[in-house]
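Structural overview for review
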Amino acid sequence: MDNVITQTQTPKSLRSDLALTDLIRMLAEFARERNWQSPQPQKPSISSGITFFSLEYCFYLYVGEVGELSEIFQWRGEVPTGLSDWSADEKEHLEEKLSDVLLYLVRLADVCNVNLGEAALEKLRKNASKYPVDATKRVMVVR
Ligand SMILES: Nc1ccn([C@H]2C[C@H](O)[C@@H](COP(=O)(O)OP(=O)(O)OP(=O)(O)O)O2)c(=O)n1
């Protein structure tokens, strides 16, 4: 039952040190098991409470979760690094929203046939070349 995504059945190694490729596979499986993977020819529709998946709808889901993440920080003012003054419930809510954003981003990339791992590495390379480390000042050089 490797493909069933539950806390108890997911191997500990996956939970603690998850590879992007594992996440992509697990999300695709999650969608496949629910028949949410096929792009729909028409507008997204709701049937028996199930939202069908399409590239467009996936994008809206992603943006929606980014909005929910933004609400967490809205009006809070300065937030201490490590969130030392946040309650356990607040931290748990943040963990969930960060995860939703990550999961939808990974799924969106997969639906777009973009290899997110390779793309991110390539972008890191470009960033390093655009902002080279100044060895004497140890600051980023912004062009
Ligand atoms: N077609 C879908 C629908 C949901 N999910 C997964 C990814 C997200 O992690 C989570 C989002 O589920 P909800 O839309 O129920 O959102 P929340 O879990 O944030 O619930 P709520 O907004 O009520 O807090 O479920 C998914 O992969 N594919």
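- Going by what an unreviewed UniProt entry lists, the chain is known as dCTP pyrophosphatase 1 and is assigned to Ceratopteris richardii.
- Of the comments in the UniProt record for the chain, the one headed Subunit (unreviewed entry) reads "Homotetramer."
- For the record of the chain, the UniProt heading Subcellular location (unreviewed entry) holds the text "Cytoplasm, Cytosol".

1. Quick word on the confidence of the model for the chain
- Predicted confidence across the chain gives a mean pLDDT of 80, with 71% of residues reaching 70 or more.
- Averaged pLDDT values over the elements of the chain bottom out at 42 in strand 2 (residues 50–51) and peak at 95 in helix 5 (residues 116–130).
- Residue range residues 47–51 is modelled with pLDDT below 50. Its contacts to residues more than four positions away, or to other chains, number 3 contacts.
- This prediction of the complex comes with two scores: 0.77 for pTM and 0.91 for ipTM.

2. Let's talk about helix 3 (residues 55–73)
- End to end, helix 3 covers 28 Å across 19 residues, agreeing with the expected 27 Å (1.5 Å per residue, within 8%).
- All buried positions along helix 3 are accounted for by Cys58, Tyr62 and Glu65. The buried residues of helix 3 occupy an angular sector of 65° when projected down its axis, which confines them to one face. Of the exposed residues in helix 3, the ones pointing more than 90 degrees away from its buried face are Tyr60, Gly67, Ser70 and Glu71.
- Looking at the buried side of helix 3, the elements it contacts are helix 4 (88–111).

3. Things to note about the packing of helix 3 against helix 4
- Between helix 3 and helix 4, the least distance of the axes is 9 Å, while the angle of their chain directions is 155°. As the angle between them shows, helix 3 and helix 4 are arranged roughly antiparallel. Note that helix 3 runs across helix 4; the crossing there is left-handed. Residues Leu55, Cys58, Phe59, Leu61, Tyr62, Glu65, Val66, Glu68, Leu69 and Ile72 of helix 3 lie in contact with helix 4, whose contacting residues are His93, Leu94, Lys97, Leu98, Asp100, Val101, Tyr104, Leu105, Arg107, Leu108 and Val111.

4. Side note on the environment of Phe73
- Within the secondary structure layout, Phe73 lies in helix 3.
- Residue class for Phe73 comes out exposed when judged on the 10 C-beta atoms lying within 10 Å of it.
- Taking the C-alpha atoms as reference points, Phe73 and Cys112, separated by 39 residues in sequence, lie 30 Å from one another.

5. Section: the packing of helix 2 (residues 20–33) against helix 4
- Across the interface, helix 2 lies against helix 4 with an axial gap of 10 Å and an inter-helix angle of 80°. For the element pair helix 2 / helix 4, the angle class is roughly perpendicular. In this structure, helix 2 contributes Leu23, Ile24, Leu27 and Ala28 to the contact, and helix 4 contributes Leu103, Val106, Arg107 and Asp110.

Reading guide: rules and limits
Residues numbered from 1 in each chain as written. Predicted model: local features only at pLDDT ≥ 70, side-chain atom pairs only at ≥ 80, totals over all residues. UniProt positions renumbered as here; feature names shortened; annotations may be inferred. pLDDT = per-residue confidence, 0-100. Helix = DSSP H or I, 4+ residues; strand = E, 2+ residues; numbered from the N terminus. Contact = placed C-beta atoms within 7 Å. Expected span 1.5 Å × (residues − 1). Buried ≥ 20, exposed ≤ 12 C-beta atoms within 10 Å, placed from the backbone. Arc of directions from axis to C-beta. Axes fitted to C-alpha atoms, helices over the stretch in contact; angles between N-to-C directions. Parallel < 35°, antiparallel > 145°, perpendicular 65-115°, else oblique. Left-handed = near helix turned anticlockwise from the far one by under 90°.

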